[in-house]
Amino acid sequence: MKYVDEFRDGEVARGLASAIAREVQPGRRYHFMEFCGGHTHAMARYGVTDLLPETVRMIHGPGCPVCVLPIGRIDLGIQLALEQKVILATYADTLRVPAGGGLSLMKAKARGGDIRMVYSSADALELARKNPGRQVVFLAIGFETTTPPTALAIKVARAEGLANFSVLCNHVLTPSAITHILESPEVRKYGTVPLDGFVGPSHVSTVIGSRPFEHFAREYRKPVVIAGFEPLDVMQAVRQLVRQVNEGRAEVENEFSRAVTRDGNRKAQALVSEVFELRRSFEWRGLGEVPYSALQIRAAFAEHDAERRYGLTYKPVPDHKACECGAILRGVKRPQDCKLFATVCTPENPMGSCMVSSEGACAAHYSYGRFRDSEAKVHLAVQTA
Ligand code: SF4
């Protein structure tokens, strides 16, 4: 636990906060998007936002895997469990995401669907080994961090001849989502989402490296600082972003050098490209259809592709009318702008995906009281020295 203690040190946090306050320029405002739900969670949990100067505004991005999964994809999982009678295996958070027709995977389980929570793709493989007479489908979600383990599971299934194992692939790509945000009308034309830079994802970057973010610095003149998920990581990243903006620089800097390199994990990248290929288009909750933003299983592994095996056809389903998840995931609104926030919609009764996972902006704000400005209720959990 040595690292966790070091990166949550209260005295160092206050020192960093003072340094940032000294560096922000009078009369200038700074708008930074933290792409990852992990950063959103860390900022809410440790009160990082309260330590930053008022002129530094953090905007939540779409980097929460559960939040961006559209209803129609969960409906496909429900269809497999209830109609095809497969064992559907997926991560815990996915079970509670509201789906179509008032259902969720959890509710589908209550209706008799054999839906099981797993911690990893390896657990799903094990289910297939233990249930040779049943079809097992792994509903795979996530960004580049969780893609290599899914690829490995497919390769192992092939090697072991596990014909009863397949994957419903929903893996999505970070750089495509950032491009989509930078090209969105809100950022490009209307100026409703001013963006001066990004706190870049850490776990994703351990796989893909920092190189893919250089495009955003070069072409869009947006600085990116890749940061870890501890509060001091995020604060250091904000300091580096402020400095870049002040100096008129737009570069990729790597605060998370303890795990991220420029080229990333080449072995994992090779594994992913052996098993997966780009999808022409994929619907993201909040962002809509985003071209070349997700992966599908290559034809060479078709026997382990649930979409091919069961002839699944994707149908888009609109979100709950009052849910503002879409606008929140695009950085246009904040959780407290939603009428349902903390009234009808709570983590126990989520109306939208952003309230389900702890990485979701609504859940993070709800859980750590960031919305109760009037009460000045600050959950500053940063450890005191
Ligand atoms: S509070 Fe609930 S309904 Fe409102 S945007 Fe968040 S998840 Fe959607």
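Since the structure is predicted, the reported quantities are computational estimates derived from the model, not experimental observations.

### A word on the overall build of the protein chain
Secondary structure summary: the protein chain contains 18 helices and 13 strands in total. Relative to the compact-globule value of 21 Å for 385 residues, the protein chain shows a C-alpha radius of gyration of 21 Å, a close match. Counting every position in the protein chain, which comprises 385 residues, the buried fraction comes to 56%. Element-wise, carbon and sulfur atoms account for 51% of the exposed surface of the protein chain, whose accessible area totals about 16400 Å². Measuring between centres, the 48 positive side-chain charges of the protein chain sit 3 Å from its 42 negative side-chain charges.

### Observations concerning the sheet that holds strand E2 (residues 56-63)
Taken in spatial order, the five strands line up as E2-E1-E7-E8-E9 in an open sheet, and their pairing is parallel. Each of the sheet's edge strands pairs with one partner strand only, and the pair in question is E2 and strand E9 (252-254). Averaged over all adjacent pairs, the angle separating strand axes in this sheet is 20°, with direction ignored. Relative to strand E7 (residues 197-200), strand E1 (residues 30-36) runs parallel, the two being bridged by three bridges. Its bridge partner lying in E7, Phe32 is registered against Gly197.

### So, the nonpolar core
As a rule of thumb, soluble globular proteins bury nonpolar side chains together. In terms of nonpolar packing, the biggest core is built from 97 residues, with Leu80, Leu88, Phe138, Phe165, Leu195, Phe276 and Trp284 touching the most fellow members. A per-element tally of this core places strand E5 (residues 136-142) first, with six residues. Two domains each donate at least three residues to this core, and these are domain 1 (1-321) and domain 2 (325-373). Membership of the second largest hydrophobic core comes to 25 residues, among which are Ala17, Ala42, Val56 and Leu232.

### Here we look at the pairing of E7
The side-chain alternation of E7 yields two buried faces, one formed by Gly197 and Val199 and the other by Phe198 and Gly200. Both E7 and strand E8 (residues 224-226) contribute to a ladder of three bridges, which runs parallel. Paired with Val199 across the two strands is Val225, which belongs to E8.

### Considering the packing of aromatic side chains
We describe a pair of aromatic rings using the distance from one ring centre to the other and the angle between the two ring planes. Going through the model one piece at a time under the given rule, you end up with seven aromatic pairs. For the pair Phe341 and Tyr366, a centre-to-centre distance of 6.4 Å together with 80° between the ring planes defines the contact as edge-to-face. Of this pair, Phe341 sits in the loop between helix H17 (325-329) and helix H18 (361-367) while Tyr366 sits in helix H18, and the two are 25 residues apart along the sequence. Given a relative accessible area of 9%, Phe341 falls into the buried group. Through a chain of ring-to-ring contacts, three or more aromatic side chains come together here, namely Phe35, Phe143 and Trp284. Geometry around Phe7 places Arg258 over its ring, the cationic atom sitting 3.8 Å from the centre.

### Looking at the domain arrangement of the protein chain
Domain assignment breaks the protein chain into domain 1 (1-321) and domain 2 (325-373). The C-alpha-based centres of domain 1 and domain 2 are spaced at 18 Å. Domain 1 puts 30 residues into the contact, and the matching count from domain 2 is 25 residues. Buried surface at the junction of domain 1 and domain 2, summed over both partners, amounts to about 2400 Å²; 60% is from carbon and sulfur atoms. Ranking the residues of domain 1 by area buried against domain 2 places His60, Cys67 and Arg96 at the top, with a combined share of 22%. On the surface where domain 1 and domain 2 come into contact, there are zero salt bridges. If you look at where domain 1 meets domain 2, you find eight residue pairs in polar contact (both at pLDDT 80 or more). Those elements giving two or more residues to the side of domain 1 that touches domain 2 turn out to be helix H3 (37-46) and E2. For the side of domain 1 that touches domain 2, a count of residues per class yields 13 nonpolar, ten polar and seven charged.

### Quick word on the site of the ligand
Surrounding the ligand, one finds 13 residues, the nearest of these being Cys323, Glu324, Cys338, Cys345 and Cys362. By residue class, the composition of the shell around the ligand is eleven nonpolar, one polar and one charged.

### Focus: the pattern of salt bridges
Enumeration over the complete set of coordinates arrives at 24 salt bridges. Among the ionic pairs, Arg262 bridges to Glu214, the shortest N-O distance being 2.7 Å. In this pair, Arg262 sits in the loop between E9 and helix H15 (266-275) while Glu214 sits in helix H13 (residues 214-220), placing the two residues 48 residues apart along the sequence. Several salt bridges share partner residues, and in doing so they unite Glu247, Arg249, Glu251 and Glu253 into one network.

Rules of the game
Residues numbered from 1 in each chain as written. Predicted model: local features only at pLDDT ≥ 70, side-chain atom pairs only at ≥ 80, totals over all residues. Heavy atoms only, no water. Helix = DSSP H or I, 4+ residues; strand = E, 2+ residues; numbered from the N terminus. Rg over C-alpha atoms; globule rule 2.2 N^0.38 Å. Buried < 20%, exposed > 50% of the residue type's maximum accessible area, 1.4 Å probe, protein only. Areas by Shrake-Rupley, 256 points an atom, 1.4 Å probe, with all protein chains shown as cover. Lys, Arg positive; Asp, Glu negative; His and termini not counted. Charge placed at Lys NZ, Arg CZ, Asp CG, Glu CD. Pairing = 2+ DSSP bridges. Axes fitted to C-alpha atoms, helices over the stretch in contact; angles between N-to-C directions. Core = buried A, V, L, I, M, F, W, Y, C linked by side-chain atoms within 4.5 Å. Domains from an automatic or database assignment. Phe/Tyr/Trp six-rings, centres within 6.5 Å; stacked < 30°, edge-to-face > 60°. Lys NZ or Arg CZ within 6 Å of the ring centre and 35° of its normal. Contact = heavy atoms within 4.5 Å. Buried area = accessible area lost by both parts, 1.4 Å probe. Salt bridge = Lys/Arg side-chain N within 4 Å of Asp/Glu carboxyl O. Polar contact = N/O pair within 3.5 Å; in protein donor to acceptor, adjacent residues only side chain to side chain. Nonpolar A, V, L, I, M, F, W, Y, C, P; charged D, E, K, R; others polar. Near = heavy atom within 4 Å.

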